[in-house]
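# Architecture and fold: a report
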Amino acid sequence: MNSAHIMVTFALVAALAGPMPHVHAGDQTPPEDVLVRVPRDLDPNEPAPLLILLHGYGMNGTSQEFWWRLWPVARANGFLFAAPTGSTNSDGKTYWNANHNCCDFDDADVDHVAYLLQLIESIRSNHHVDPQRIQSQ
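Right, let's walk through the structure included here.

Definitions and limits used
Residues numbered from 1 in each chain as written. Predicted model: local features only at pLDDT ≥ 70, side-chain atom pairs only at ≥ 80, totals over all residues. Heavy atoms only, no water. Patch = residues over 30% accessible without salt bridge, like charges linked within 9 Å, V, L, I, M, F, W, Y side chains within 5 Å. Areas by Shrake-Rupley, 256 points an atom, 1.4 Å probe, with all protein chains shown as cover. Salt bridge = Lys/Arg side-chain N within 4 Å of Asp/Glu carboxyl O. Lys, Arg positive; Asp, Glu negative; His and termini not counted. Charge placed at Lys NZ, Arg CZ, Asp CG, Glu CD. Helix = DSSP H or I, 4+ residues; strand = E, 2+ residues; numbered from the N terminus. Buried < 20%, exposed > 50% of the residue type's maximum accessible area, 1.4 Å probe, protein only. Disulfide = S-S within 2.5 Å. Arc of directions from axis to C-beta. Contact = heavy atoms within 4.5 Å. Polar contact = N/O pair within 3.5 Å; in protein donor to acceptor, adjacent residues only side chain to side chain.

## Regarding a negative patch on the surface
Where like charges cluster on the molecular surface, the negative patch consists of Asp91, Asp106, Asp107, Asp109 and Asp111. For Asp91, the position within the fold is in the loop between strand S6 (87-88) and strand S7 (94-95).

So this is what it looks like as structure tokens:
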């Protein structure tokens, strides 16, 4: 799987529903576990779309979901949902190292693309994700 197979969307986790296993994406930065939300009525035998919300600079997955409220939309439409948090810089601000223009101001050279690819693979190993419904945008 390459970056052309990633769907990157902004969202925040607000409501609780269904089993919520944590998925670990290996030793990439950031190393913490990521909560994966699963709609209660999701058939585990049917492949489901995966929606990943990436926060803006200085926010985190939880605070971003507070503004976007995508979990209720994902839940209503049978999507798996995750809102990981990026790395923290020397000013205490969270960020995603998207490209050379933003936002690795400390030059830590964190490979968040590899992290997100590994996160997707980790989620796929624990859930029945529809590979045709993870797309680049």
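This is not the end of the story, as more comes after the structure.
## Brief notes about unusual backbone geometry
The omega torsion of the bond from Cys102 to Cys103 falls at 5°, within 30 degrees of zero and hence cis. Its location among the elements puts Cys103 in the loop between S7 and helix H3 (112-126). Despite not being glycine, Asp109 shows a phi value in the positive range, around 55°. When you line up the elements, Asp109 lands in the loop between S7 and H3. Judged by relative accessible area, which is 64%, Asp109 ranks as exposed.

## Focus: the state of the cysteines
All told, the structure shown has 1 disulfide when counted by the stated rule. Note that Cys102 is cross-linked by a disulfide to Cys103, the S-S spacing being 1.5 Å. Judged by relative accessible area, which is 30%, Cys102 ranks as partly exposed. The buried category is assigned to Cys103, whose relative accessible area is 10%.

## Structural notes on helix H1 (residues 61-68)
Looking at H1, one finds that the buried residues are Gly61, Gln64 and Glu65. Along the axis of H1, the buried positions cluster into a sector of 100°, meaning they face one direction only. Projecting away from the buried face of H1 at angles above 90 degrees are the exposed residues Thr62 and Trp67. Summarising the contacts, the buried residues of H1 are in contact with strand S4 (50-53), helix H2 (71-76) and strand S5 (80-82). By the N-cap criterion, in which a side-chain oxygen at the helix start approaches the backbone nitrogen of a residue two or three places on, H1 is capped by Asn60, the distance to Thr62 being 3.0 Å. One or two steps after H1, the chain reaches Arg69, where phi turns positive at roughly 50°.

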